[in-house]
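# Analysis of the macromolecular model
Residues per chain, in single letters:
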Amino acid sequence: MWLNPEEVLLKNALKLWVTEKSNDFFILQRRRGHGDSGGKFTGLLVGALDTVLDSNARVTPFRILLQVPGSQVSWTIACGAAVEDMNRHWDWLVQNLLHSLSVFENKEDVASFVKGKVKGLIAEEVRGKQAAQEEDPEKFREVLLKFELRFGLPSSEKLVTTYSCCCWKGRVPRHGWLYLSINHMAFYSFLLGKEVKFVIPWVELTRLEQVSTGLMTDMVRVTTRRRQRDFSMFLSLDEAFGVMGQLADIALRRLLDSGGLELDQVLQQSSNITKRVLEEQALRAYVLALFRLPRAECLQEVALCSVWTPHARCHTAGTLYTTDSYLCFASREEGHCSLLIPLSEVISIEKAESTSLLPNPVIVSVRSKKAFQLIELQDRDSLVDSLMSRLRALQWKHSMFHSKKSLTMEQVKERLWDDHFSAYGRGVHMFRTEKIQKLVAMGIPESLRGELWMTFSDSSSELASHPDYYSGLVTESIGHSSLATEEIERDLHRSLPDHPAFQNVTGIAALRRVLTAYAHRNPKIGYCQSMNILASVLLLYTKEEEAFWLLVAVCERMLPDYFNRRVIGAQVDQSVFEELIQERLPELAEHIPDLSPLSSLSLSWFLTLFLSVLPFRSAVCVVDCFFFHGIKAIFQLGLAVLDANAAALCASADDGQALMILTGFLDHVKYDENPSPPAPHPPSSPRGEEECSTTVELHTLITDLIIDSYEKFGDLTVRQLERLRCRHRIQVLQAHEDITKENALRVVTPDVSLSPENLADVYDLFKTEHFINLYWGDGSTTVALQHHDPGQPYVEQYRVDRAQFKSLYVLLVPWLCGLHTDTVAHRTFTLLDQDKDLLITFRKFAGWLDTLYCEELNEKIRLLYRLHIPPALTESEDDSPPLKSPLLSTTRPLHIEMPNAPVCVHVEEEIRDYQEQLKQMLKDLAQEKNVEKPLPLMNQREFIQFCKTLYSMFHGNPDENELFQAIATVTSLVLQIGEVGHRSRSEVSSEGGAGDEDHREGGQEDHPVFSTKEGDGERQEGTRKSSERSESSSEWTVSYAQILASLLTEQQLVNFFEKPLDLSAKVAVAKVKQYHERAGLLMLQQGTS
């Protein structure tokens, strides 16, 4: 076992130890006298010394020392009593540490590195002996505290497990701890005074793989869009790699997809995810895939046992898996023998008397008057009690499988199947052995095909458990119109158009009912292309209701995630297929480096189970194999097709020729009507021999092709395929994310002037903010934000709410307003939320940033103006506490030194001085850019808020004093303009009477300063919108044009708003701060709630 490194001054004190193995850094030693057959005296002497010198009177006979070249000091790092254990420790050191130690220049660093690594191994061994669930709360709390302190993530970021490992930077390893949580993987290392730490969200993972390099034989490589990192020296690399793959898969399913991928209920709540749960879910997924069980099934018990197999006349050892509704048995060698027994078919489960030959036997009796014997069951009593309680609670109805009598077709095959039924059983609970595999490869007889499809897929049990369910769906779906029903109607006559069964009204009506009923049952899937072809074939061999349940089995269990909006499942399997080609057909992969054309062609193989590419009779044989072996059969057959054409494909000149080769080959795969070998034909002439040879070369029998696929690629296992699927699903989902980003940027780019790099970075920040709320939200997240919907337009797939927008506002806005920032952010969100759904899309967000960073001065002022009028500014809005005492007062205007004269006369004279200048400015602005829509007028309260925002923006600026003086001058001028306009309207109103609407509404425009075209339009719009707030005849108002013209008179203000702004620098800072600032805000909100 590993030991905490203990210093040893003399490596061979008193010659008590003998060196067995050594290298530059490690020594494996044996205690002298131990294992020596002839050294009896030496052994007795050393034993006596051990008794005297060691307080425990025991010394382990083997140990491993760490030695540093040139040093007299060594450290004991492992000891043991068995040479096998020590050799295993020695091999681990040589394989994982020896090569990497050579890169250290300072030998003292070698000792520190190895001692740290050994301590990590000890801690991991201790943790590995405990249950995966936190059985040691104190220790787990300590690890969790370190995780939170080191990375600053909120407490809601659930830690799943940790591993001791090394992260490589170039050729130098850094030993540390890898923390795996529900949303992130994080690494921390503190070595030789240098701290290294980083956090990688699972959603940024694009590839996760095990690789081998020159220095290390086994490493885990984690690739994101920005960089790749290598981890090695795990105590259990396979376990760590499996957990990482599961967590990445769960996070991507949960965060990047909206209902397209099914996720187990227990994994949908992140608080439920622990290491033990992940192990249980991995085993459950394997069992469901191996036996093609419904996804709703929960794994209950797993027990080693042996089952009596009559055909072999012996007990077959394997594993018993029990679920809610099934007993499943699989032999130790996958595919050798399996057994599926639905509980609905079980009559009794009895414990028999235990003997030496039959220890702990259990007898399972089923309705078909058969019994199955299981022996060597551990915890037999508790297992039987659990099964019996579920059996009693299960609501099942008596339903026997009715098999049709054989017709006179394919008598040889039917006779073989009859023999098999008598030896192995018939129905769902028949033994499934290698012999049945051979029968399926030959092709199921026409008379038994429908029954066996129902049996292999266990659709029989579904049909028996849901009487009248299909007829009810058909009734409910009558008269319902949807996109799915429209697509079904369009494709009805394209389903096997050459087959007589679908050239009449009866066949088309049955197909319509099956497809419509399924679309009604599962609106998530609805209807997808290729379902019509599959349903047509099912209807040819089964009754209508049976065809429906077979379609359910295929779409929901046997081809999961295939039939959705983005056919994710099919794309994942295409990616898996490419890897299998590289692994199993290396010569072909070498000649065709780009396998994407082959992958595109094979997509239809998987979606339609070869029905669209093979002749009908041949394709049905493939469907036979699919119902027996699941998707594994399609992978095997696809590899066999490529293998049969490997030479021609390697010699092909381009992709087009390669596609023609495969298409031609598949077109000539024939079905052999006669199972017996054909009789040889007598030779007639050389030309006849040539024609015969050509015919043989052009035609391949489907049975030969299937048998060839089993012989060459039958070693593929369900476990291997599920692991590959998990890994490639990450890449496929991330590829979809890249496409979403590219299209979102393509749509937004024409509308903004931001650089492509900045726009891409802003999109990443926007998307990350969406995810942060999903990581650590308090559960109050709106339904619209819980997932992104791939069905939405690209720029609307990710949206942020008010709190998220405020976080991004603080990170990216060029002018913060101090304590007034939150108020301005709140108004900005309200202004951008034009459709009132309390969400902001990326298009609106990018347009807002573009105005701040790229637009001209007048557009920036227009945006500020709009932030201080309805709807952004509401009547009920409260001022923030620091601003309760306004900086500007309407009763006490700013003081500006003037000549001694009456105030009113002086104001009017000053306004006349500005008249010509302002009119000219407004004309120039109108010529430069036409205003899209007149803006409402701003009343006195709104103008005060506008001034507060400007003062807050200038606070802390290097030119703060000059800007304050400039805005004071502009504010005084605008207040005076508004006061004169207010007085003019009041005078006109008093002279013209209350009924003179023209004078009342036009009073301000009659003044020469307000007689502008834009002001006229804005006044009319503003009068209409502000009618509910106050009477127009007595309201103090100014227009956007007046404020803009006044601001243009002060060069300091013009310079401030026209100063170039660096969005790149803001984005760079935001990337660093976004996580921790948002995490701190969420923690504060959770603490006060």
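Located above this text is the structure these notes cover.
Sequence positions are assigned chain by chain, starting from 1 and proceeding in written order. pLDDT decides what is reported in this predicted model: residues at 70 or higher carry local features, side-chain atom pairs at 80 or more are listed and counted, and totals for whole chains, interfaces and linings draw on all residues regardless. Side-chain metrics rest on all non-hydrogen atoms present in the structure, leaving aside hydrogens and water.

### Considerations on the overall build of the protein
Across its full length, the protein carries 41 helices and 26 strands. Expressed as a percentage of its 1089 residues, the buried residues of the protein come to 52%. In this analysis, two residues are considered to be in contact whenever any of their non-hydrogen atoms come within 4.5 Å of each other. Pairs at least 24 apart in sequence give 68% of the contacts found in the protein among residues at least 6 apart. Helix and strand assignments come from DSSP, with helices taken as H or I runs of at least 4 residues and strands as E runs of at least 2, each series counted from the N terminus. Exposed residues in this analysis have more than 50% of their type's maximum accessible area, buried residues have under 20%, and partly exposed residues fall in between, with area computed by a 1.4 Å probe over protein chains only.

### A few points about the packing of helix 10 (residues 434-442) against helix 21 (residues 616-629)
Viewed as axis vectors pointing N to C, helix 10 and helix 21 meet at an angle of 155 degrees, and their least axial separation amounts to 8 Å. Put simply, helix 10 runs roughly antiparallel to helix 21. Touching Ile436, Gln437, Val440 and Ala441 of helix 10 are Asp624, Cys625, Phe628 and His629, all from helix 21. Among the residues forming the contact of helix 10 with helix 21, the class breakdown is 5 nonpolar, 2 polar and 1 charged. Axis geometry follows a simple rule: fit a line to the C-alpha atoms, using only the stretch in contact for helices, then measure angles between N-to-C directions, giving values from 0 to 180 degrees. Angles are sorted into four bins: roughly parallel if under 35 degrees, roughly antiparallel if over 145, roughly perpendicular if 65 to 115, and oblique for all others. Throughout this entry, Asp, Glu, Lys and Arg are counted as charged residues, while Ala, Val, Leu, Ile, Met, Phe, Trp, Tyr, Cys and Pro are counted as nonpolar. The remaining residues, Gly among them, count as polar.

### Regarding the packing of aromatic side chains
Any pair of Phe, Tyr and Trp rings, taking the six-membered ring for Trp, is counted once the centres come within 6.5 Å. Such a pair is stacked with planes under 30 degrees apart, edge-to-face with planes over 60 apart, and tilted for the rest. All chains considered together, the criterion is met by 45 aromatic pairs. Look at Phe151 and Tyr188: their rings are 6.5 Å apart centre to centre, the planes differ by 85 degrees, and that puts the pair in the edge-to-face class. Here Tyr188 lies in strand 8 (residues 184-191) and Phe151 lies in helix 4 (residues 137-151), a separation of 37 residues in the sequence. Connected via pairs of aromatic rings, a cluster forms that spans Tyr763, Phe766, Phe771, Tyr798, Phe805, Tyr809, Phe829, Phe842, Phe845 and Trp848. Two conditions define a charge located above a ring, namely a distance within 6 Å from the ring centre to NZ of Lys or CZ of Arg, and an angle within 35 degrees of the ring normal. Of note, Arg229 hangs over the ring of Phe198, and the distance from its end group to the ring centre comes to 3.6 Å.

### Focus: the sheet that holds strand 18 (residues 362-366)
Spatially, 8 strands are ordered 17-18-19-13-14-15-16-20 in an open sheet, and the strand pairing comes out antiparallel. Two strands lie at the open edges of the sheet, namely strand 17 (346-351) and strand 20 (431-433), each paired on one side alone. Here the strands of the sheet are splayed against their neighbours by 30 degrees on average, with no regard to which way each runs. Where strand 13 (residues 299-309) lies against strand 19 (residues 371-375), 2 bridges are found, and the strand directions are antiparallel. In the sheet register, Ser306 faces strand 19, and the bridge partner there is Ile375. Strand pairing is assigned whenever DSSP identifies at least 2 bridges connecting the two strands.

### Focus on unusual backbone geometry
The general pattern is negative phi for most residues beyond glycine and trans for most peptide bonds. With an omega of 5 degrees, the peptide bond between Pro870 and Pro871 qualifies as cis. Its place among the elements puts Pro871 in the loop between helix 33 (857-866) and helix 34 (903-928). The phi angle at Asp458 is positive, at roughly 60 degrees, despite the residue not being glycine. Relative to the elements of secondary structure, Asp458 occurs in the loop between helix 11 (446-457) and helix 12 (459-465). In the Ramachandran plot, Phe610 falls in the positive-phi region, its phi being about 70 degrees despite a non-glycine side chain. Its place among the elements puts Phe610 in the loop between helix 20 (596-608) and helix 21. The exposure class of Phe610 is buried, given its relative accessible area of 0%.

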